[in-house]
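Coordinates in review
If you want the building blocks of each chain, they are given just below.
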Amino acid sequence: MNSWKKLQDLDLREVAARTQIEIDFLKALINQDFDTLNHFNVRGFIKILSREYDLDFTDFNELYENYLNENNLNNSYNLSKGKIITPKIDTYTNKSSGFWIYIIVAIIVILIFVFYYLSGFNFSLKTEENKSSAAIVNIIGEAKTNLKEVTNNVKIIDNTQEVDEEKSPKVEEKEENNLTNQDNFLDENTTINQEQNLSQEDNVTFQNDELNIIEEKPLDEVTFKTDGKIWVGLINLKNYKKTSFVKDKDFNLSLKEDQLVLMGASALSFIDEDGKEKRFPAGGSKRFLIKDGKISNITLSDFIKLNKGKEW
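Here is a short report on the structure shown in this document. Please read these numbers as outputs of a predicted model, since none were measured by experiment.

Considerations on helix 5 (residues 58-70)
Taking 1.5 Å of rise per residue, the 13 residues of helix 5 would be expected to cover 18 Å, and the 19 Å separating its terminal C-alpha atoms lies within 8% of that figure. What helix 5 keeps buried is the set Phe 60, Tyr 64, Tyr 67 and Leu 68. Axial view of helix 5: buried residues confined to an arc of 95 degrees, hence all on one face. Residues Asn 69 and Glu 70 are exposed on helix 5 and point more than 90 degrees away from its buried face. With its phi angle positive at about 55 degrees, Asn 72 sits one or two positions after the end of helix 5.

Here it is as structure tokens:
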């Protein structure tokens, strides 16, 4: 073990960088400036230097103890001054515990992220495999059905060809005789049918005349069809008497009386006097005018004019 005086031969900057001990302390140590050293943690620094550079501070410790005793200085006195300086602890530990904690937390976060990423990726692969397998099964099923249809059609064609080939000359003669008989029968029937058609046409024209006479009769009422419950209000245009009711099924209104009709917002339809169906969608009130046996859709302003300036 070398003497502590070997510090004189060392570069104090390198010693300070290695041990994190201030250069002022090292200079005071070399010069044995005990007044300056008294402001530092002398014993702690000496332990560090003896360990790092294998130095023996026995002689120095005796000198320093004599200085303390002569000046009545002790540990309590040094602590009361509040000027004791200690080296940084991080220098003599490989790495701080906080640094290792941050590294461990970062590794855990990375592992969790990788786990969830791989699990999500595997799930997407499974769903794509299921979809592809289902598509392949459907394609195979369609191919099987198409093969069955093709084989059935081939069997039918083969059967028809075999039947045609098995026809004998006698069968062909019978078919020719049947065709000639059918032609004669058709000729006779055509003449008879033509005479019958002429008589039927006369009857049809007569019936159509009767139907036209019947259709020309005016309608007595109109039928409304509704999808649900609907409120109906009637105003007689002669005496302006009001009546109202609620219907949830198809209902009829008379066309013999001139009146105003106000209906609710449900969808409805009716067939007019020309036989045309008129539809009205749900939403908003519907207003109609029945006059001279005819019904027509009117606006709100027309309704108010006919109702003496009133909406109802």
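A short note on a nonpolar patch on the surface
There is a patch of nonpolar side chains on the surface, built from Phe 99, Trp 100, Ile 104, Ile 108, Ile 112, Phe 115 and Tyr 116 and spanning about 770 Å² of accessible area. Within the secondary structure layout, Ile 108 lies in helix 7 (residues 97-165). By relative accessible area, which is 44% here, Ile 108 ends up partly exposed.

Let's talk about the pattern of salt bridges
Scanning all chains against the criterion turns up four salt bridges. For the salt bridge of Glu 52 with Arg 51, the shortest nitrogen-to-oxygen distance reads 4.0 Å. Given a relative accessible area of 26%, Glu 52 falls into the partly exposed group. Taking the relative accessible area as the measure of exposure, Arg 51 reaches 52% and is therefore exposed. A salt bridge links Glu 277 to Arg 279, with the nearest nitrogen and oxygen atoms 3.3 Å apart. Judged by relative accessible area, Glu 277 falls into the partly exposed class, the value being 44%. For Arg 279, a relative accessible area of 63% gives the class exposed.

Reading the values: the criteria
Residues numbered from 1 in each chain as written. Predicted model: local features only at pLDDT ≥ 70, side-chain atom pairs only at ≥ 80, totals over all residues. Heavy atoms only, no water. Helix = DSSP H or I, 4+ residues; strand = E, 2+ residues; numbered from the N terminus. Expected span 1.5 Å × (residues − 1). Buried < 20%, exposed > 50% of the residue type's maximum accessible area, 1.4 Å probe, protein only. Arc of directions from axis to C-beta. Patch = residues over 30% accessible without salt bridge, like charges linked within 9 Å, V, L, I, M, F, W, Y side chains within 5 Å. Areas by Shrake-Rupley, 256 points an atom, 1.4 Å probe, with all protein chains shown as cover. Salt bridge = Lys/Arg side-chain N within 4 Å of Asp/Glu carboxyl O.

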